[in-house]
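An overview of the molecular structure
Residue strings, one per chain:
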Amino acid sequence: PKSLSPKALVLTLLTGYKAFHRFQLRMRGITEDDVAYRRVVTGQSWEEFCDMLKAAGTAIIGHSSPKDPLNQAEGYRYLARLTRVALENFLECADPLSPQLVALANGNRQCRVCIGSDNPDNLYLNAVIDSR
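From a predicted model like this one, the values you see are computed outputs, not experimental measurements.

A word on the overall build of the protein
When you go through the protein residue by residue, the secondary structure sums to four helices and two strands. Its helices and strands taken in sequence order, the protein reads α-α-α-α-β-β from the N to the C terminus. Expressed along its principal axes, the backbone C-alpha trace of the protein runs to roughly 55 × 40 × 35 Å. Out of the 132 residues in the protein, the part that is buried amounts to 16%.

Dropping the structure here:
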């Protein structure tokens, strides 16, 4: 038998875990939608989002980060812009039954968001689609 590449192994393990998790939920008579609903109405989703955003912000004041106020302010501005783009694209425009192309990185925004080494001559578009 041929051995799996590390990537294929991780994907296989994650697929197996997801199937096992769904099986456990089914055995308890609940669905993934039930779990998501509870996470929203209890505030757990919001708390986790805020905790992750706070954790991301620690990189700005981390050991290897510049310590001057200008660079730290720019770091927080960049984090805020990435958060805005993520919310716009993956919350506001994330209907897989009615996908729409949305400018992920640049678009017509007054404040452009660069995600690494963006090419200024390209327009980067994103859409959430149903894989079925």
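Quick word on the pattern of salt bridges
Scanning the model with the defined rule gives four salt bridges in all. Glu48 is the salt-bridge partner of Arg39, the closest N and O atoms lying 2.8 Å from each other. Given a relative accessible area of 31%, Glu48 falls into the partly exposed group. With a closest N to O distance of 3.7 Å, Arg84 and Glu88 form a salt bridge. Taken as a pair, Arg84 and Glu88 lie in helix H4 (residues 69–92) at a separation of four residues, close to a single helical turn. Note on Arg84: relative accessible area 28%, which makes it partly exposed. For Glu88, a relative accessible area of 28% puts it in the partly exposed group.

Here we look at the side chain of Thr83
Its location among the elements puts Thr83 in helix H4. Judged by its relative accessible area of 16%, Thr83 falls in the buried class. Polar contacts involving the side chain of Thr83 include one to the main-chain carbonyl oxygen of Leu79, which spans 2.8 Å. The residues touching Thr83, leaving out its near neighbours within four places in the chain, are Phe49 and Leu53.

Points about the packing of aromatic side chains
According to the stated counting rule, one finds one aromatic pair in the structure shown. Plain terms: the ring middles of Trp46 and Phe49 are 5.6 Å apart, the flat faces sit at 35° to each other, and that makes the pair tilted. Of this pair, Trp46 and Phe49 both sit in helix H3 (residues 44–57), separated by three residues, roughly a single helical turn. Among the residues examined, Trp46 registers a relative accessible area of 58% and is labelled exposed.

Some points on a nonpolar patch on the surface
Together, Leu4, Leu9 and Leu13 make up an exposed nonpolar region whose accessible area comes to about 300 Å². Take Leu9: it is sitting in helix H1 (residues 6–27). Overall, Leu9 belongs to the partly exposed group, its relative accessible area being 42%.

Thoughts on H1
Helical periodicity: at 3.6 residues per turn, an α-helix aligns residues three or four positions apart in one direction. In this model H1 runs 31 Å from its N-terminal to its C-terminal C-alpha over 22 residues, within 8% of the 32 Å that 1.5 Å per residue would give. Positioned one or two residues after H1, Gly29 has a phi angle of 75°, which is positive.

Observations concerning the environment of Tyr17
One can find Tyr17 in helix H1. Taking C-alpha positions, Tyr17 is 20 Å from Ser3, a pair spaced 14 residues apart along the chain.

Calculation rules
Residues numbered from 1 in each chain as written. Predicted model: local features only at pLDDT ≥ 70, side-chain atom pairs only at ≥ 80, totals over all residues. Heavy atoms only, no water. Helix = DSSP H or I, 4+ residues; strand = E, 2+ residues; numbered from the N terminus. Buried < 20%, exposed > 50% of the residue type's maximum accessible area, 1.4 Å probe, protein only. Salt bridge = Lys/Arg side-chain N within 4 Å of Asp/Glu carboxyl O. Polar contact = N/O pair within 3.5 Å; in protein donor to acceptor, adjacent residues only side chain to side chain. Contact = heavy atoms within 4.5 Å. Phe/Tyr/Trp six-rings, centres within 6.5 Å; stacked < 30°, edge-to-face > 60°. Patch = residues over 30% accessible without salt bridge, like charges linked within 9 Å, V, L, I, M, F, W, Y side chains within 5 Å. Areas by Shrake-Rupley, 256 points an atom, 1.4 Å probe, with all protein chains shown as cover. Expected span 1.5 Å × (residues − 1).

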